[in-house]
Amino acid sequence: MTTTVNISPTSPLGIVEHTLFVCKTCASVWQDGKRLGESGGEKLLHQLQQLAQHWDLRDEFPIQEVECMSACNRSCVVAFAAKGKLTYLFGDLAVDGSASAVLECASKYYVKADGLLPWSERPEALKKGILAKIPPLSQ
């Protein structure tokens, strides 16, 4: 008898277990209370979406845009979150040149059971800009 194990990126309820959040309001230019043009966050988001088309984890680690992550003085900002893992919030990311480092770090986060990303294992672009490391919710 053969047993097939279905390893799914979602929980039994169909909820995605990993998410890469990207602030799309970061590095905006404002005039008279209105945002002008494309923000730095939107540019970073588009670069991530473009690179993720060829990323092995594109289906297991979706990218979700967020209107604002309230770290405006530390833009651009992304977060890694997963069920039962630490949540990381990174800021001070360069609009150009950070996308590949973000996906590389997300890949490392994905394979860690607890999500722990030691400083020495992070890509250079994500070593300095950590804003928060939040414990997982109790299960």
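It should be noted that the structure appears before, not after, this text.
Residues numbered from 1 in each chain as written. Predicted model: local features only at pLDDT ≥ 70, side-chain atom pairs only at ≥ 80, totals over all residues. Heavy atoms only, no water.

**Q** Could you clarify how one ought to interpret the overall build of the protein chain in this entry?
**A** Along its length, the protein chain carries two helices and seven strands. For the protein chain, the N- to C-terminal ordering of α and β elements is β-β-β-α-β-β-β-α-β. Taken over 139 residues, the protein chain has a buried fraction of 38%. A sequence separation of at least 24 residues applies to 64% of the contacts in the protein chain between residues at least 6 apart. (Helix = DSSP H or I, 4+ residues; strand = E, 2+ residues; numbered from the N terminus. Buried < 20%, exposed > 50% of the residue type's maximum accessible area, 1.4 Å probe, protein only. Contact = heavy atoms within 4.5 Å.)

**Q** What is the right way to look at the packing of helix 1 (residues 40-52) against helix 2 (residues 99-111) in this model?
**A** Packed helices, taken two at a time, are described by the angle between their axes plus the distance between the axes. Here helix 1 crosses helix 2 at 60°, and the two axes come no closer than 9 Å. On the basis of the axis angle, helix 1 is oblique to helix 2. Like other packed secondary-structure pairs, helix 1 and helix 2 cross with a definite hand, here right-handed. Residues Leu44, Gln47, Leu48, Leu51 and Ala52 of helix 1 pack against Ala99, Ser100, Val102 and Leu103 of helix 2. Its residues assigned to classes, the contact of helix 1 with helix 2 shows seven nonpolar, two polar and no charged. (Axes fitted to C-alpha atoms, helices over the stretch in contact; angles between N-to-C directions. Parallel < 35°, antiparallel > 145°, perpendicular 65-115°, else oblique. Left-handed = near helix turned anticlockwise from the far one by under 90°. Nonpolar A, V, L, I, M, F, W, Y, C, P; charged D, E, K, R; others polar.)

**Q** I tried to follow the nonpolar core on my own but got confused; where do I start?
**A** Membership of the largest hydrophobic core comes to 34 residues, with the highest contact counts inside it found for Leu20, Phe61, Val78, Phe80, Phe90, Val102 and Leu126. Elements supplying a minimum of two residues to this core: strand 1 (18-23), helix 1, strand 5 (78-82), strand 6 (87-90) and helix 2. With near-sequence residues (within four places) excluded, Val78 lies in contact with Leu20, Phe21, Val22, Leu44, Met69, Tyr88, Leu89, Phe90, Leu93 and Val102. (Core = buried A, V, L, I, M, F, W, Y, C linked by side-chain atoms within 4.5 Å.)

**Q** I tried to follow the pattern of salt bridges on my own but got confused; where do I start?
**A** Applying the stated criterion to the full structure yields six salt bridges. Glu124 serves as the salt-bridge partner of Lys127, at 3.8 Å between the closest nitrogen and oxygen. Judged by its relative accessible area of 56%, Glu124 is exposed. Salt bridges sharing common partners tie together Lys24, Glu65 and Glu67. (Salt bridge = Lys/Arg side-chain N within 4 Å of Asp/Glu carboxyl O.)

**Q** For this particular structure, what's the right way to read the pairing of strand 5?
**A** As a general feature of sheets, a regular strand has side chains that alternate between the two faces. With five of five residues buried, strand 5 lies mostly within the body of the structure. In the sheet, strand 1 pairs with strand 5 via five bridges, with the strands oriented antiparallel. Paired with Val22 across the strands is Val78, a residue of strand 5. Pairing geometry for strand 5 and strand 6, over three bridges, is antiparallel. (Pairing = 2+ DSSP bridges.)

**Q** Can you help me understand the packing of aromatic side chains in this one?
**A** The relation between two aromatic rings is expressed through the spacing of the ring centres and the mutual angle of the planes. Under the defined criterion, the tally for this structure stands at eight aromatic pairs. Relative to Phe61, the ring of Trp55 has its centre 5.7 Å away and its plane inclined at 40°; by these criteria the two rings are tilted. In this structure, Trp55 and Phe61 share a single accessibility class: buried. An aromatic cluster of three or more residues is present, and its members are Trp55, Phe61, Phe80, Tyr88, Phe90, Tyr109 and Tyr110. The cationic tip of Lys85 hangs over the ring face of Tyr109; the distance from NZ or CZ to the ring centre is 5.0 Å. Across from the ring centre of Trp119, 4.3 Å away, lies the NZ or CZ of Lys127, which sits over that ring. (Phe/Tyr/Trp six-rings, centres within 6.5 Å; stacked < 30°, edge-to-face > 60°. Lys NZ or Arg CZ within 6 Å of the ring centre and 35° of its normal.)

**Q** It is not clear to me how the side chain of Glu42 should be interpreted in this structure. Could you clarify?
**A** Within the secondary structure layout, Glu42 lies in helix 1. The exposure class assigned to Glu42 is buried, which follows from its relative accessible area of 18%. For Glu42, the contacting residues outside a window of four places in its chain are Lys24, Arg35 and Gly37.

Distances and angles like these do not, on their own, reveal function.
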